[in-house]
Structure formats: C-alpha cells, structure tokens
Amino acid sequence: MSEKLLAGLQLMVFGMGMVYVFLIVMIFCMKLMSKIVAPIAARQKAAEDAAKAAAAKAAPASRDDAALAVAAVAAVASARR
C-alpha cells in the first residue's frame, strides 16, 4: 500500500514540476514575442495616426457633404408638401 502511495506522490510531484516548467517557458516565450512584435505594433500605430490625420484634413469636405445632404432632404420634404 505504501509503495502505491509513494508512486502516486512521485507522479504528483513530477506532474506539478512539468506544469511549473511549462509555465516558465510560456512566460519566456510571451516576453520574447512581445519584444519581437513591438516594432511592428509601433509602425502600425504610426500608420493609423497618419490615417487619422488624413481623415481630419478631409473632414471639412465631409461636413460640406453632410450639409448638402441635409439641404437635399429639406428640399425633398418641402416639395412633397
């Protein structure tokens, strides 16, 4: 009986050790991946900022379009009366 208990205890310690080692390796890989991906994320953020700046420059034209759409809707509404 004690042999089975000892074997179970050894198996438990081995299994918990394997989980611990796996978690350490996973954390190491995640940190490495974040260092690899950081420059790519910075370039993507810069591209998004440039796109937002370009959209901000184009915003007055879209405001004019919105004003034209409102005027067209008002004209159609007054024509139906």
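Preceding this section is the structure that the text describes.
Below you will find a few notes about this structure. Given the structure is predicted, the values throughout are model-derived calculations rather than measurements. (Residues numbered from 1 in each chain as written. Predicted model: local features only at pLDDT ≥ 70, side-chain atom pairs only at ≥ 80, totals over all residues. Heavy atoms only, no water.)

Notes on the overall build of the protein chain
What counts here: Secondary structure is summarised from DSSP: a helix means a run of H or I of at least four residues, a strand means a run of E of at least two, and numbering begins at the N terminus for each. Radius of gyration: over C-alpha atoms. The globule rule applied is 2.2 Å multiplied by the number of residues raised to the 0.38 power. Partly exposed describes any residue whose relative accessible area lies between the buried limit of under 20% and the exposed limit of over 50%, with all areas from a 1.4 Å probe on protein chains only and scaled to the type maximum.
Scanning the protein chain from terminus to terminus reveals one helix and zero strands. On C-alpha atoms alone, the protein chain measures out to a radius of gyration of 32 Å, which is more than a quarter above the 12 Å that the 2.2 N^0.38 rule sets for 81 residues. Once the C-alpha set of the protein chain is aligned to its principal axes, its extents read approximately 95 × 35 × 10 Å. Burial status across the protein chain gives 1% buried among its 81 residues.

Regarding the pattern of salt bridges
Our working rule: Think of a salt bridge as a Lys or Arg side-chain nitrogen and an Asp or Glu carboxyl oxygen that are within 4 Å of each other.
Applying the stated rule across the entire model yields one salt bridge. Here Asp49 ties to Lys45 by a salt bridge, and the two come within 3.8 Å at their closest N and O atoms. One end of the pair, Asp49, and the other, Lys45, are both in helix 1 (residues 2-80), four residues apart, so they sit about a helical turn from each other.

What to know about the environment of Ala69
Mapped onto the elements, Ala69 comes out in helix 1. You can call Ala69 partly exposed: its relative accessible area is 41%. For the pair formed by Ala69 and Val19, sequence separation is 50 residues and the distance between their alpha carbons is 63 Å.

A look at the environment of Ile24
Within the secondary structure layout, Ile24 lies in helix 1. In this structure Ile24 comes out as partly exposed when scored by relative accessible area, which is 44%.

By themselves these figures say nothing about function.
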